[in-house]
Amino acid sequence: MENIFQKIKRFNETIDNEVDYDLNILNKIYLFFDFVKEYLFHKTMLLDYTQYRFYEKKNRQRRKYVVFGRLIELMNTCNDPNYRYIFDNKSEFNKKFAKYINRDWLDLSNTSLEDFKKFANSNPEFFIKDPTGMFGMGIKKIKTNEIDNIEKTYEDLKAKSVLCEQPIIQSDEMNEFNKSTVNTLRVVSMIDRNNNVHIIGGLLRLGRPGRYADNFHHQGIAAYINPEYGIVSTMGFDKNKDWHIVHPDSKKKIVGYTIPMWDKVVETIKSAALEVPQMRYIGWDVAITKDNKVELVEGNSGADPDAEQITTKEGRWDYYKKYM
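All figures in this text were calculated on a predicted structure; none of them were measured in a lab.

Basis of the calculations
Residues numbered from 1 in each chain as written. Predicted model: local features only at pLDDT ≥ 70, side-chain atom pairs only at ≥ 80, totals over all residues. Heavy atoms only, no water. Axes fitted to C-alpha atoms, helices over the stretch in contact; angles between N-to-C directions. Helix = DSSP H or I, 4+ residues; strand = E, 2+ residues; numbered from the N terminus. Parallel < 35°, antiparallel > 145°, perpendicular 65-115°, else oblique. Left-handed = near helix turned anticlockwise from the far one by under 90°. Contact = heavy atoms within 4.5 Å. Nonpolar A, V, L, I, M, F, W, Y, C, P; charged D, E, K, R; others polar. Salt bridge = Lys/Arg side-chain N within 4 Å of Asp/Glu carboxyl O. Buried < 20%, exposed > 50% of the residue type's maximum accessible area, 1.4 Å probe, protein only. 1 Å grid on protein atoms, 1.4 Å probe; cavity = no way out; pocket = protein on both sides within 12 Å on 5 of 7 lines; lining within 4 Å. Points joined across faces, edges and corners; volume = space filled by probe spheres on them. Polar contact = N/O pair within 3.5 Å; in protein donor to acceptor, adjacent residues only side chain to side chain.

*Asks:* I tried to follow the packing of helix 1 (residues 4-18) against helix 2 (residues 25-42) on my own but got confused; where do I start?
*Replies:* The description of two packed helices rests on the angle between their axes and on the distance between the axes. Running from amino to carboxyl end, helix 1 crosses helix 2 at an angle of 110°, the nearest separation of the two axes being 11 Å. On the basis of their axis angle, the class for helix 1 and helix 2 is roughly perpendicular. For the pair helix 1 and helix 2, the sense of crossing is right-handed. Each of Ile8, Phe11, Asn12, Ile15 and Asp16 in helix 1 lies in contact with helix 2, whose residues at this interface are Lys28, Leu31, Phe32 and Phe35. When grouped by side-chain class, the residues that make up the contact of helix 1 with helix 2 number six nonpolar, one polar and two charged.

This is the structure in structure tokens:
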């Protein structure tokens, strides 16, 4: 537990790292008390305060943002905790949404050696994932021809209760951005009181060479998709705070890019959202596959709209609130 001096030290270090202009001691004192006010009265975390540049914004602008406290309110209002396990565990998600998933997969917590051998023989390479993992952490690719002892590999993986998944082969168009990752879409849905599904946000998420995941935590790039038209309407943004008109590696244009099969994406999400209507607020990760199908990767019941708010440079609270 941090004491007050440790908290002040952490605040000072964060401000030094995140604010991109010089501050004197009086500026920092003012920002510290300004942040404390935000934290106490609006449940704004330090990350919210810095990444949304609240130190530059007036109160009326700040109140438009979905900060941590509002995200918790959104989740508690919209999502029944008795159904969260479906979205918190990738194996449970794959079972529930099987008709929206075309890839082969195995839950090794309850799979026999023979089934694992069949899976490995059918898939020259596959990914292993922690079923409850987040942010794309812990993903590893395994090549079947590099397995020396299939029995030992099975026992090791079974002990970790990993999920094995066949790689998704993305469409040629999406592959042009970056070949080492599946470049996915984050599509946010909300169900209103009349059981109508609304698509209220979207992101194009692009990976970088040598990475397996396309999200922020793997140095990925995010750009906002206008959900009405399926067109990327902002520049891409990454964890290094760099903005991109084109992908920095492939040079494929990001701004103005039209998402392929967007109508089908929307149709799929609206259908999937009603499979578990008790979970009214979900951020869906979606892939466009080589055979022109829309495939669900996973669903997130606590999807943080941070990348939406950073890329659009506006708070999204009003878009969410009207459906709560």
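*Asks:* Can you help me understand the pattern of salt bridges in this one?
*Replies:* One side chain can pair with another of opposite charge once the charged atoms of both are near each other. Per the counting criterion, the structure on display carries 29 salt bridges. The closest approach of N and O atoms between Lys37 and Asp34, which form a salt bridge, is 3.5 Å. One end of the pair, Lys37, and the other, Asp34, are both in helix 2, three residues apart, so they sit about a helical turn from each other. The exposure class assigned to Lys37 is partly exposed, which follows from its relative accessible area of 39%. On the basis of relative accessibility, which here comes to 7%, the residue Asp34 falls in the buried class.

*Asks:* Please clarify how empty space enclosed by the protein should be interpreted in this entry.
*Replies:* One simple way to see leftover space: roll a probe sized like a water molecule over the atoms. For the structure shown, the criterion picks out one cavity of 30 Å³ or more. Considering only enclosed or pocket space, the largest cavity measures out at about 30 Å³ in volume. Lining the largest cavity we find Arg186, Val188, Leu203, Tyr281, Ala303, Asp304, Pro305, Glu308 and Tyr320. Class assignment of the residues belonging to the lining of the largest cavity gives a composition of six nonpolar, no polar and three charged.

*Asks:* Any chance you could explain the environment of Glu314 here in plain terms?
*Replies:* Within the secondary structure, Glu314 is located in the loop between helix 12 (306-312) and helix 13 (317-321). Expressed as a C-alpha distance, the spacing of Glu314 and Tyr65, which sit 249 residues apart in the sequence, is 7.2 Å. Sequence-distant contacts of Glu314, defined by excluding residues within four places in its chain, comprise Tyr65, Gln309 and Tyr319. Of note is the side chain of Glu314, whose polar atom sits 3.4 Å from the side chain of Arg316.

*Asks:* Where do I start with the side chain of Glu38 in this structure?
*Replies:* Locating Glu38 in the fold gives a position in helix 2. Side-chain polar atoms of Glu38 contact the side chain of Thr44, separated by 3.3 Å. Setting aside its immediate chain neighbours within four residues, Glu38 contacts Lys43, Thr44, Tyr49, Phe54, Asn59, Arg62 and Arg63.

*Asks:* Sorry, what's going on with the layout of surface pockets here?
*Replies:* Each pocket or cavity is described by its volume, and for the second largest pocket that value is around 280 Å³. Forming the boundary of the second largest pocket are Ile4, Lys7, Arg10, Phe11, Phe32, Phe35, Val36, Tyr39, Met45 and Leu46. Residue assignment for the lining of the second largest pocket shows that the elements contributing at least two residues are helix 1 and helix 2. The residue makeup of the lining of the second largest pocket, split by class, is eight nonpolar, no polar and two charged.

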